[in-house]
Amino acid sequence: MQNNKITLSVVSHGHGKMVKELLNDLMLNCDIYRVIITINLKDEKIEYPVAMEAKIITIINTSPKGFSENHNYAFKKHCTSEFFCVINPDVRIPQTPFPALTNHMKSEDYAIVGPVIKDLEGRIQDSARYFPKPSTLFLKAIGYDVTRFPSTPSNLEVLHPDWIAGMFMLIRSSWFQKNPFDEKFFLYYEDIDLCLQCWKSGNALAFVKEVYVIHNARRDSHKRLFFFALHIRSILYFFYKNYMRFPEKLRVRKLH
């Protein structure tokens, strides 16, 4: 692995314009060693900024693949850097979060870190949460969301929620090589599952409050029946795989 460098993995499913905007944000970041663009719709064409072309590797799928499979493949085939960053194409980076994130990663030996996620109006999104349970999902469905991890008020620069959202995850490559995404998740809950595997492996993750990125959330599962069905499928598989199998020392591990 090449120290201090970051490989980014982005999957485009008809998001070419967003990918180009994201690449423009990344042009001046010297920490970016490589950007892997996976085109999930084979006929899609994406125009890359000239200044980024030398850093970009393009993967073109003959048929659409899931979130987990796409990022796992990108990592396995093309990541030789110390850190691997999973990032959604609809994320914008007004100021680079990478130096702060990698500093925290190294100082505390975290396996996964993430920044604050804000929406287009500057409001903090719910990207840091407690692990779901059937009871808390029921409460959320009727309007009582108790899964959100409190980020304010707090004078701490780094918090340790149960999981952080996969729209932006910086992952230590040496850990991810042994603990990839579970490809049985096609879409949704693969990020929750990965964070749970992080705690189970005896490692920690962090939510770094000093830096942020902007996310233009689409919330497809709230709008389209197909994505809603995928969401339900992922919830059921997550509980089948993990329910009552959370690490007993999770809270103790997070306090040290």
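Our structure's up above, just so we're on the same page.
Residues numbered from 1 in each chain as written. Predicted model: local features only at pLDDT ≥ 70, side-chain atom pairs only at ≥ 80, totals over all residues. Heavy atoms only, no water.

## Topic: the overall build of the chain
- Scanning the chain for helices and strands turns up eight helices and eleven strands.
- Considering the chain as a whole, with its 256 residues, one finds that 51% of them fall into the buried category.
- The contacts of the chain with a sequence gap of at least 6 include a subset with a gap of at least 24, amounting to 77%.
- Just so you have it, the chain exposes about 13200 Å², and 54% of that area is on carbon and sulfur atoms. (Helix = DSSP H or I, 4+ residues; strand = E, 2+ residues; numbered from the N terminus. Buried < 20%, exposed > 50% of the residue type's maximum accessible area, 1.4 Å probe, protein only. Contact = heavy atoms within 4.5 Å. Areas by Shrake-Rupley, 256 points an atom, 1.4 Å probe, with all protein chains shown as cover.)

## Thoughts on the pairing of strand 2 (residues 32-39)
- Of all eight residues that make up strand 2, seven are buried, and the element is covered over most of its length.
- Pairing of strand 2 with strand 3 (residues 56-60) involves five bridges; the strand directions are parallel. Residue pairing in the sheet places Ile36 in a bridge with Ile57 of strand 3. (Pairing = 2+ DSSP bridges.)

## Focus on helix 2 (residues 67-78)
- Taking 1.5 Å per residue, twelve residues should reach 16 Å; helix 2 reaches 17 Å between its end C-alpha atoms and fits that length.
- The complete set of buried residues in helix 2 reads Phe67, Ser68, Asn70, His71, Asn72, Ala74 and Phe75. (Expected span 1.5 Å × (residues − 1).)

## Quick word on the pattern of salt bridges
- Within the structure shown, the criterion is met by twelve salt bridges.
- For Arg92, the salt bridge goes to Asp25, with nearest N and O atoms at 2.6 Å. In this pair, Arg92 sits in strand 5 (residues 91-92) while Asp25 sits in helix 1 (residues 16-26), placing the two residues 67 residues apart along the sequence.
- Classification of Asp25 as partly exposed rests on a relative accessible area of 22%.
- A salt bridge links Asp109 to Arg172; the nearest nitrogen and oxygen atoms lie 3.6 Å apart. With Asp109 in the loop between helix 3 (98-108) and strand 6 (112-118) and Arg172 in strand 10 (residues 168-172), the pair connects residues that are 63 residues apart, well separated along the chain.
- Sharing partners across several salt bridges, the network here consists of Glu82, Lys106, Asp109 and Arg172. (Salt bridge = Lys/Arg side-chain N within 4 Å of Asp/Glu carboxyl O.)

## Remarks on the side chain of Glu190
- Among the structural elements, Glu190 can be located in helix 6 (residues 190-200).
- One buried charged residue, Glu190, forms no salt bridge at all, with the nearest opposite charge on Arg233 at 8.4 Å.
- Within polar-contact distance, the side chain of Glu190 engages the backbone nitrogen of Tyr188 at 3.0 Å.
- Those residues in contact with Glu190, other than ones at most four positions away along the chain, are Phe67, Ser68, Phe181 and Phe185. (Lys, Arg positive; Asp, Glu negative; His and termini not counted. Polar contact = N/O pair within 3.5 Å; in protein donor to acceptor, adjacent residues only side chain to side chain.)

## As for a nonpolar patch on the surface
- A grouping of Phe138, Leu139, Ile142, Tyr144 and Val146 is seen on the molecular surface, where their side chains present a nonpolar patch of about 510 Å² in accessible area.
- Along the chain, Leu139 turns up in helix 4 (residues 134-141).
- Overall, Leu139 belongs to the partly exposed group, its relative accessible area being 32%. (Patch = residues over 30% accessible without salt bridge, like charges linked within 9 Å, V, L, I, M, F, W, Y side chains within 5 Å.)

## A short note on the nonpolar core
- Ile37, Ile112 and Phe168 are the most contacted members of the largest nonpolar core, which totals 73 residues.
- Each residue touching Ile112, except ones within four places of it in the same chain, is listed here: Met105, Ile164, Met169, Leu170, Ile171, Trp175, Leu194, Cys195, Cys198, Ala204, Leu205 and Ala206. (Core = buried A, V, L, I, M, F, W, Y, C linked by side-chain atoms within 4.5 Å.)

## Details of the environment of Phe227
- Summarising the element assignment, Phe227 is placed in helix 7 (residues 225-242).
- For the pair formed by Phe227 and Leu187, sequence separation is 40 residues and the distance between their alpha carbons is 8.4 Å.

## A short note on the packing of aromatic side chains
- Following the criterion strictly, the structure yields eleven aromatic pairs and no others.
- Chaining the aromatic ring pairs together yields one cluster made of Phe67, Phe75, Phe84, Phe176 and Phe181.
- Positioned over the ring face of Tyr212 is Lys118, at 4.1 Å from the centre of the ring. (Phe/Tyr/Trp six-rings, centres within 6.5 Å; stacked < 30°, edge-to-face > 60°. Lys NZ or Arg CZ within 6 Å of the ring centre and 35° of its normal.)

## Considerations on the state of the cysteines
- A full pass over the atoms with the stated rule returns zero disulfides.
- For Cys195, which is in no disulfide, the shortest distance to another cysteine sulfur is to Cys198 and amounts to 6.7 Å.
- What makes Cys195 buried here is its relative accessible area of 0%. (Disulfide = S-S within 2.5 Å.)

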